[in-house]
Amino acid sequence: MSQSPDRLFAHPLEQVPDFAFNEDVVRVFPDMIKRSVPGYPTIVENLGVLAARFAQPNSTLYDLGASLGAVTQSLRRHVRNDGCRVIAVDNSAAMVERCRQYLTAQDSMFQELLPVNVLEADILALPFEPASVVAMNFTLQFIAPDQRLELLGRIRQALLPGGALILSEKLHFADDDEQTLLNELHLDFKRANGYSELEIAQKRSAIENVMKPDTLETHKARLRAAGFSKVVPWFQCLNFASLIALP
Ligand SMILES: Nc1ncnc2c1ncn2[C@@H]1O[C@H](C[S@+](CC[C@H]([NH3+])C(=O)[O-])CC(=O)[O-])[C@@H](O)[C@H]1O
Ligand SMILES: O=C(O)C(=O)Cc1ccccc1
């Protein structure tokens, strides 16, 4: 499986197209997300550890917006079998194809992993089965803002008592100084990971129409409105955070 360094925005583009999860992105995605999202490896690994606490025997665990299945692989490293299974969902055909290859490779290296079903589907149109764990690792930010509440409401309805939604997102900050500082520090993180000013500027223009981060306050209020009883942030690195939402 070929994995390449992310140079997608390294050369000047006449017009920067809107960011899409296509084959070019799939080829560089593991490198791109590690060099762009501070704390990503820590979040992914610990998501499996967290999930193990909420997973119930004979239940379903969802990985929504699974991309190449990094979270699904972490769930399979940490959650005991006990009749559980994972449903990984993504609406990018290119992502789903490569995700299935990675999970098959994981299956060939380890025994007794949770069974996985990888679905190519739009999570906005997918009926959810009862689930003990739902992971959305940096996916809600790509959903149209006016669809987010309804989606979270359906996830809430699907969650079994004692289960949890684990939601990771890039954050926006209402306080201008806080927004400026954390944004600058995020740019420094990207520079430290080898991205040029041109790459940073072109990537920013590619994602600004398709990725709309909310504030932590908006997330908390919307999760409450969706029926979650408690929202507990468990991780923040610069402007990227992860929350546990309890039914
Ligand atoms: N409506 C939708 N339905 C299904 N999938 C969608 C939808 N909209 C976007 N996606 C998918 O959500 C994923 C978001 S990436 C998640 C990283 C992963 N969780 C990781 O932990 O490595 C985040 C990022 O790139 O910053 C992409 O694969 C989209 O195709
Ligand atoms: O690159 C960024 O600035 C981001 O905010 C995160 C990101 C990571 C991977 C794909 C799209 C957005």
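As a convention, each chain's residues are numbered from 1 in the sequence order in which they are written. The order in which chains are written sets their letters, starting at A; the order in which ligands are written sets their numbers, starting at 1. Per-residue local features are limited, in this predicted model, to residues with pLDDT of at least 70; the limit for side-chain atom pairs, both in listing and counting, is 80 or more; totals at the level of whole chains, interfaces and linings are taken over all residues. The side-chain numbers reported here are obtained from all heavy atoms of the structure, hydrogens and water having been left aside.

K.L.:
Give me the UniProt feature "binding site: S-adenosyl-L-methionine" (unreviewed entry) in the protein chain: which residues, what numbers.
P.N.:
Annotation from UniProt places "binding site: S-adenosyl-L-methionine" (unreviewed entry) at Tyr-40, Gly-65, Ala-66, Ser-67, Asp-90, Asn-91, Asp-122, Ile-123, Asn-137 and Arg-204. Spanning 165 residues, the named residues do not form one spatial group; their C-alpha atoms are separated by as much as 25.1 Å. Strands are runs of DSSP state E lasting at least 2 residues, helices are runs of H or I lasting at least 4, and numbering of each runs from the N terminus. Topologically, Gly-65 is positioned in the loop between β1 (60-64) and α3 (70-78). Any pair of residues with heavy atoms lying within 4.5 Å of one another is described as a contacting pair. Excluding its chain neighbours within four sequence positions, the residues that come into contact with Gly-65 are Val-89, Asp-90 and Thr-139. Among residues more than four places away in sequence, those in contact with Asn-91 are Ala-121 and Asp-122. UniProt positions are given in the numbering used here, feature names are shortened, and annotations may be inferred rather than shown by experiment.

K.L.:
Account for the site of ligand 2, naming residues and giving values.
P.N.:
If you check the shell around ligand 2, you find Phe-19, Met-32, Ser-36, Val-37, Phe-142, Lys-170, His-186, Lys-190, Lys-203, Ile-207, Met-211 and Phe-240 and nothing else. As used in this structure description, the phrase polar contact means that two N or O atoms lie within 3.5 Å; if the pair is within protein, one of them must be able to donate a hydrogen and the other to accept it, and residues adjacent in sequence are counted only when both atoms belong to side chains. Contacts to ligand 2 include Lys-170, whose side-chain N or O atom sits 3.0 Å from an oxygen atom. Here an oxygen atom of ligand 2 sits 2.7 Å away from a polar atom, N or O, in the side chain of Lys-190. Computed with a 1.4 Å probe, the accessible areas rest on the Shrake-Rupley method; for each residue, only the protein chains presented here act as cover. When ligand 2 sits alone it has 320 Å² of accessible area, and the protein chains cover 95% of it. Within the residue set of the shell around ligand 2, elements represented by two or more residues are α1 (23-36), α6 (176-192) and α7 (197-207). The nearness test applies per residue and asks whether one of its heavy atoms lies within 4 Å of the molecule or strand.

K.L.:
Hey, could you go over the packing of α3 against helix α4 (residues 93-109) for me, with residue numbers and the actual values?
P.N.:
Axes, fitted as lines to C-alpha atoms, cover a helix only where it is in contact. Angles between the N-to-C directions of the axes lie from 0 to 180 degrees. Axis separation between α3 and α4 bottoms out at 10 Å; the angle between their running directions is 20°. Judged by the inter-axis angle, α3 sits roughly parallel to α4. In this structure, α3 crosses over α4, and the sense of that crossing is right-handed. Judged by residue contacts, Thr-72, Gln-73, Arg-76 and Arg-77 of α3 engage Tyr-102, Leu-103, Gln-106 and Asp-107 from α4. Taken together, the residues of the contact of α3 with α4 sort by class into two nonpolar, three polar and three charged. When an angle is under 35 degrees it counts as roughly parallel; over 145 it counts as roughly antiparallel; between 65 and 115 it counts as roughly perpendicular; any other value is oblique. Should the near helix be turned anticlockwise from the far one by less than a right angle, the crossing is left-handed, and should it be turned clockwise, the crossing is right-handed. Only Asp, Glu, Lys and Arg are considered charged, only Ala, Val, Leu, Ile, Met, Phe, Trp, Tyr, Cys and Pro nonpolar, and every remaining residue, Gly among them, polar.

K.L.:
Quick one: what's the story with the site of ligand 1, residue by residue and with numbers?
P.N.:
The full set close to ligand 1 counts 21 residues, and Tyr-40, Gly-65, Ser-67, Asp-90 and Asp-122 are the nearest of them. Take Tyr-40: an N or O atom from its side chain is 2.6 Å from an oxygen atom of ligand 1. One nitrogen or oxygen atom from the side chain of Asp-90 is found 2.6 Å from an oxygen atom belonging to ligand 1. The fraction of the free accessible surface of ligand 1 (660 Å²) that becomes covered by protein chains is 94%. Of the residues belonging to the shell around ligand 1, the class tally is 12 nonpolar, seven polar and two charged.

K.L.:
Before we move on, could you go through the sheet that holds strand β4 (residues 131-137) and cite the residues and values that matter?
P.N.:
A strand pair is defined by DSSP finding two or more bridges across the two strands. Strand order in this open sheet of seven strands is β3-β2-β1-β4-β5-β7-β6, and the pairing throughout is mixed. One side of each edge strand has no neighbouring strand; the edge strands of this open sheet are β3 (116-120) and β6 (230-237). For this sheet the average axis-to-axis angle between neighbouring strands, irrespective of direction, equals 15°. In the sheet, β1 pairs with strand β2 (residues 85-90) via five bridges, with the strands oriented parallel.

K.L.:
I'd love a proper account of the nonpolar core, names of residues and values included.
P.N.:
In terms of nonpolar packing, the biggest core is built from 42 residues, with Phe-19, Phe-29, Met-32, Leu-61, Leu-75 and Val-79 touching the most fellow members. Put simply, the parts of the chain that give this core at least two residues each are α1, α2 (40-54), α3, α4, β4, β5 (159-170), α7 and β7 (240-246). Take this core: its biggest share by element is seven residues, from α2. The contacts of Phe-29, once residues within four sequence positions are left out, are Phe-21, Ser-67, Leu-68 and Met-95. Here, the term nonpolar core denotes a set of buried Ala, Val, Leu, Ile, Met, Phe, Trp, Tyr and Cys residues that are joined through side-chain atoms within 4.5 Å. Only protein chains enter the accessibility calculation, which uses a 1.4 Å probe; a residue whose area is less than 20% of its type maximum is buried, one above 50% is exposed, and one in between is partly exposed. Grouped together as the second largest cluster of nonpolar side chains are 31 residues, Phe-173, Leu-216, Ala-226 and Val-231 included.

K.L.:
Break down the packing of aromatic side chains for me, citing the residues and quoting the values.
P.N.:
For this analysis, a ring pair means two rings from Phe, Tyr or Trp (six-membered ring only for Trp) whose centres lie within 6.5 Å, classed as stacked if their planes differ by under 30 degrees, edge-to-face if by over 60, and tilted for the remaining angles. All told, the structure shown has six aromatic pairs when counted by the stated rule. Here Phe-138 and Phe-240 contribute two aromatic rings whose centre-to-centre distance is 6.0 Å and whose plane-to-plane angle is 65°, an arrangement assigned as edge-to-face. In this pair, Phe-138 is assigned in the loop between β4 and α5 (148-158) and Phe-240 in strand β7, connecting sequence segments 102 residues apart. Grouping residues by exposure puts Phe-138 and Phe-240 together as buried. Ring centres of Trp-234 and Phe-235 lie 5.7 Å apart, and the angle between their planes is 50°; this geometry places the pair in the tilted category. Residue Phe-235 is classed as buried on the basis of its relative accessible area, which comes to 17%. An aromatic cluster is built from Phe-19, Phe-21, Phe-29 and Phe-142, whose rings are joined through pairwise contacts. Remark: a charge is flagged as sitting over a ring if the NZ atom of Lys or the CZ atom of Arg is within 6 Å of the ring centre and within 35 degrees of the ring normal. The ring centre of Tyr-195 lies 3.9 Å from the NZ or CZ of Arg-35, which sits over that ring.

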